[in-house]
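A structural walkthrough
If you want the building blocks of each chain, they are given just below.
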Amino acid sequence: MFLDFMVEVEGLLDAALKSCGFQVPEGEVNKLALDLSPHADLASSVSFRLAPVLRRSPASIAADIHKALPAERSYVDRAELVGPYINFFMNRAFLAEVLRRALADDCWTGRMSQSAIVEHTSANPDGPLHVGHIRNSVIGDTLVRILRRAGCKVEAQYYVNDMGRQEAMVVWGRSHFPMEEIKADHATARVYIAAHKTMGERPEVKEEADRIIQGYEAGDPKISAEIKAAVDYAISGIEETLFRMNIHHDSYRWESEFVRDGSVGEIIQGLEKTGLTQWEEGAFQLDLSEFGFEKKMVLRRGDGTSLYITRDLAYHRWKAENFDRTVDILGADHKLVSSQLRTALRLLGIREPEVVIFEFVSLPTGSMSTRKGKFISADELLDQVENQALEEVRLRRPEESDEFRREVARHVAVGAVRYDVVRVSADKATTFDWKAALDFDKLSAPFIQYSHARACSILRRSAVPETFDPSLLTAENEVALIKKITEFELVIDRAARELKPHHLATYARELAEVFNLFYRFSPVLDAPDDLKAARLALVQAARNALKVSLETLGIAALESM
RNA sequence: GGGCCCGUGGCUUAGCCAGGAUAUAGCACCGGGCUUCUAACCCGGGGGUCGCGGGUUCGAAUCCCGCCGGGUCCGCCA
């Protein structure tokens, strides 16, 4: 709905500018200088853009535009002239329409229709997800949800690195150390760490790992079976953790597929045609120095085996051929490689991916490493947060059953962890802190879930009547709530275009805040009948908005907590 | 050394890409509010040279340049 209001405002401004004979300089993205503002529902500072062109004061230009705004409007109530600013406000008809639409269960289906593939998590199958990986998973899964909400047809995919040295080390470890009877991904990490330690003491292990890599590349059936077993086993544990966090992949794609089907070979041939390749120091290399890359990109090892980067090029060709948008979620350590990858794709005439880079999560003691066994696993984090949440529920809902409390604690914990990750902009490096992770006063997810539960509590007591009069909702907090509800559409649109899930996190918190104000100042059940009906409708609309916001964040919208 | 990212009240953080009207929110601190739809809530208060220095502009947290501090990458690893 918000976008309808915005479109109308744009139309009014365009018409006014035209009738005044004003022309905004080209090249501006937001040429009408429209923005949300504390002073209006939508404010334009376009007069400032025109001032240098017209050599007049912004205020007098704004006055002219304001005077020329067409009178015919459906959603715009008034446009106020405040100095150089033109402030637009929504009318009652618009607010009533927002309310009407927000009452439907299936409200907020977006207008985008492209297909998209979002690759996220893609952690090496050599151990459990740790608190760094889940930043990838949470950002990725939230983007999947946002894009779907915006209307895109999205496939969430896990790219399985089965050909790397790390997997060869896992296979070697599995055959030299006993697998412990613990969760599959954790058991895998134990032998992987042990294999690495052994390699440090006995260099010949590296050669044995090389033989595994070569055998796999050549399609040796025994080695292939071993790798498949090792990967499947580790992934089964990783999946369990992801499932617990309400994160799902639609498909898995193994990097070896691109070697087997010949596409890696085709990619290398394609790059050969650029004339930038050569055999050097026993490896086939691509010179990207003219694009500012110091180091050459090795396309094939001397022994003929392929490398991650070439398999990734083939993978991206496949993505570009099968989807309208390609989205990659990558840690900051992949920045250089991914820009090399994009350069190579450009050379091949393949559409480049949209890459979402997130900065590192480190421990107070330094960066994490699966190989060195230096990490805090996602499982451990979830267990601790869930225990803490259970304590909180026990205190607040002593009358409820143990089963209820466990269920609430589970969803509160997942919500807290997910929200805590997604609320921070991806390009902020963070340091993991147990104290902060377990401090429920600091976590905003329960706050939002609680607002939703409050709305549900009202609706449990009284149903929304068939008819109601939305014009009775005139209190400041009621109007503010309706306006906040309609902003959802704008937030999703922006988050989907910019691939910034934290916008939604901020919005959800603001929505809960505005709802809590309404809850505090506008009694629903005790209001006179007419007003009660209208307020019940508003509660239902707010509940839907909170629900859809939470669900798009992958957080359970609890009806009671 | 070079590339990229970050630097906003004591702590965490939004806004920066598309410069505009009193800079966002939480935690912590001070003071209030539960016989009233769940107080995991609400209200009020104090606290900010938006890292530093230049520049562009009518106007800079936002754009440009330089510096300082932190992170990260610069493997025939992934």
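About the criteria used
- Note that residues are indexed from 1 along each chain, following the sequence as it is written.
- Numbering of ligands from 1 and lettering of chains from A proceed in the order in which they are written.
- In keeping with the predicted nature of the model, local features appear solely for residues at pLDDT of at least 70, side-chain atom pairs appear and are counted solely at 80 or more, and the whole-chain, interface and lining totals rest on all residues.
- Excluded from the side-chain calculation are hydrogens and water; included are all heavy atoms of the structure.
- A pair of strands is considered paired only if DSSP assigns at least 2 bridges between the two.
- Working definition: helices are DSSP H or I runs of at least four residues, strands are E runs of at least two. Numbering for both runs from the N terminus.
- We call a residue near a molecule or strand when any one of its heavy atoms sits within 4 Å of it.
- Within 3.5 Å is the distance limit for a polar contact, defined as a pair of N or O atoms, with the added protein rule that one can donate a hydrogen and the other accept it, and that residues adjacent in sequence qualify only through two side-chain atoms.
- These domain boundaries are the output of an automatic or database domain assignment.
- The contact criterion used throughout is that any non-hydrogen atoms of two residues lie within 4.5 Å.
- A quick way to say it: buried area is the sum, across both parts, of accessible area lost when two parts are put together, with a 1.4 Å probe.
- Criterion for a salt bridge: a side-chain nitrogen of Lys or Arg within 4 Å of a carboxyl oxygen of Asp or Glu.
- Angular values range over 0 to 180 degrees, each being the angle between N-to-C directions of two axes fitted as lines to C-alpha atoms, with helices fitted over their stretch in contact.
- Exposure above 30% relative accessible area and the absence of a salt bridge qualify a residue for a patch, where like charges join within 9 Å and nonpolar side chains (Val, Leu, Ile, Met, Phe, Trp, Tyr) within 5 Å.
- Note that accessible areas follow from Shrake-Rupley with a 1.4 Å probe, and for residues the cover is restricted to the protein chains shown.

Every other side chain in a regular strand lies on the same face of the sheet, so the side chains alternate between the two faces. Here strand S3 (residues 76-82) pairs with strand S4 (residues 85-90) via six bridges, running antiparallel. From the neighbouring strand, Val76 faces S4, where its bridge partner is Met90. Between S3 and S4, which pair antiparallel one after the other, the connecting turn spans two residues, and Gly83 there sits at a positive phi close to 60°.

Attention shifts here to the protein's contact with RNA strand B. Near RNA strand B lie 71 residues; those nearest to it are Phe48, Tyr85, Glu281, Tyr450 and Ser457. Among atoms of RNA strand B positioned within 4 Å of the protein, sugar and phosphate together represent 64%. At 3.3 Å from a base nitrogen of RNA strand B is found a side-chain nitrogen or oxygen belonging to Arg397. Here a phosphate oxygen of RNA strand B and a backbone polar atom of Ser425 are 2.9 Å apart.

A few words on the domain arrangement of chain A. Here the domain parsing of chain A yields domain 1 (2-90) and domain 2 (378-552). Placing a centre on the C-alpha atoms of domain 1 and another on those of domain 2 gives a separation of 34 Å. On the domain 2 side, the residues contacting the six residues of domain 1 number six residues. For the pairing of domain 1 and domain 2, the buried interface totals around 640 Å² over both sides, and the portion due to carbon and sulfur atoms is 68%. Across the salt bridge formed by Lys483 and Asp41, the nearest N and O atoms sit 3.0 Å from each other. Here domain 1 and domain 2 share three residue pairs in polar contact (both at pLDDT 80 or more) between them. In terms of residues, the side of domain 1 that touches domain 2 owes the most to one element, helix H1 (residues 2-20), which gives three residues.

Taken in spatial order, the five strands make up an open sheet running S7-S6-S5-S11-S12, and their pairing is parallel. At either margin of the open sheet sits one strand with a lone partner, and together these are strand S7 (251-254) and strand S12 (354-358). For this sheet the average axis-to-axis angle between neighbouring strands, irrespective of direction, equals 25°. The pairing of strand S5 (residues 115-119) with strand S6 (residues 153-160) spans five bridges and is classified as parallel. Residue pairing for S6: Ala116 is matched across the bridge by Val154. Packing against the sheet, helix H12 (residues 308-322) makes contact with S5, S6, S7 and strand S11 (325-331), and its axis sits at approximately 165° to S6.

A cluster of nonpolar side chains, Phe48, Val82 and Tyr85, forms an exposed patch at the surface whose accessible area comes to about 270 Å². Turning to its location among the elements, Phe48 is positioned in helix H2 (residues 46-54).

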